[in-house]
Amino acid sequence: MTETVVDYLNRRGIDSAYCEKMVTDLLMTQGRATRSEFEELLLGKLSETLDPAQKKKFVDNLLQKMRRANLISTSGEKRGREPFWELISVSPKSITEGDV
């Protein structure tokens, strides 16, 4: 059975740098977003070889990596409410040199 380019791309998914750009673009457009909104944006674009838990962990790791790089921060966490993530700055150098 031969694999088509589309099958390969669906299995491979998108890379961390592109996911970081999508997160940054979303925050630049709407100012802030919840983890649920990031998951909605990214989960369907990640590799088909990852199970749902792995995809959520990828998003979690990406957000934490961006937070540690001082690109984004959280605010507005209140009893039972989901916190918002906000953009701190945009770095020309991607922080996702390795895998998330």
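In the block above lies the structure referred to throughout.
Now for a look at the structure at hand. (Residues numbered from 1 in each chain as written. Predicted model: local features only at pLDDT ≥ 70, side-chain atom pairs only at ≥ 80, totals over all residues. Heavy atoms only, no water.)

**So, the sheet that holds strand β3 (residues 84–87)**
Applied cut-off: The criterion for strand pairing is that DSSP finds at least two bridges linking the strands in question. Helix and strand definitions here come from DSSP, where helices need a minimum of 4 consecutive H or I residues and strands a minimum of 2 consecutive E residues; each element is numbered from the N-terminal end. Fitted lines through C-alpha atoms give the axes, limited to the stretch in contact for helices. The angle between two N-to-C directions lies from 0 to 180 degrees. Between two residues, a contact is recorded if the distance between any of their heavy atoms is within 4.5 Å.
Taken together, the 3 strands give an open sheet; going across it, the order is β1-β3-β2, and neighbouring strands pair in antiparallel fashion. Looking at strand neighbours, the two that pair on one side only are β1 (32–34) and β2 (72–75), the edges of this open sheet. Along the sheet, successive strands turn relative to each other by an average axial angle of 35°, direction set aside. As defined by bridge partners, β1 adjoins β3 across 3 bridges and the pair is classed as antiparallel. Its bridge partner being in β3, alanine 33 is matched across the sheet by tryptophan 85. Of the strands in this sheet, β1 and β3 touch helix α3 (residues 35–42), which is tilted by about 85° from β1.

**What to know about the packing of aromatic side chains**
Defined as follows: Any pair of Phe, Tyr and Trp rings, taking the six-membered ring for Trp, is counted once the centres come within 6.5 Å. Such a pair is stacked with planes under 30 degrees apart, edge-to-face with planes over 60 apart, and tilted for the rest. For a lysine, the NZ atom is tested; for an arginine, the CZ atom; a charge sits over a ring if that atom is within 6 Å of the ring centre and within 35 degrees of the ring normal.
Summed over the entire model, instances satisfying the criterion amount to 0 aromatic pairs. For the cation-ring pair, arginine 32 lies above phenylalanine 84, with the distance from its terminal atom to the ring centre recorded as 3.7 Å.

**Some words on the side chain of glutamate 39**
Definition in use: Exposure classes here rest on a 1.4 Å probe applied to the protein chains alone. A residue is buried below 20% of its type maximum, exposed above 50%, and partly exposed in between.
By the element assignment, glutamate 39 lies in helix α3. Note on glutamate 39: relative accessible area 13%, which makes it buried. When sequence neighbours within four positions are dropped, the list of residues in contact with glutamate 39 reads Lys56 and Val59.

**Comments concerning the pattern of salt bridges**
As a reminder of what qualifies: Any carboxyl oxygen of Asp or Glu within 4 Å of a side-chain nitrogen of Lys or Arg constitutes a salt bridge here.
For the structure shown, the criterion picks out 4 salt bridges. Residues arginine 35 and aspartate 60 are paired through a salt bridge, measuring 2.9 Å at the closest nitrogen-oxygen approach. Of this pair, arginine 35 sits in helix α3 while aspartate 60 sits in helix α4 (residues 52–68); the two residues are 25 residues apart in sequence, bridging distant segments of the chain. Residue classification places arginine 35 among the partly exposed positions, given a relative accessible area of 23%. A salt bridge links lysine 57 to aspartate 60, with the shortest nitrogen-to-oxygen separation between them at 3.8 Å. Of this pair, lysine 57 and aspartate 60 both sit in helix α4, 3 residues apart, roughly one helical turn. In the salt-bridge network here, residues are joined through shared partners; they are Arg35, Lys57 and Asp60.

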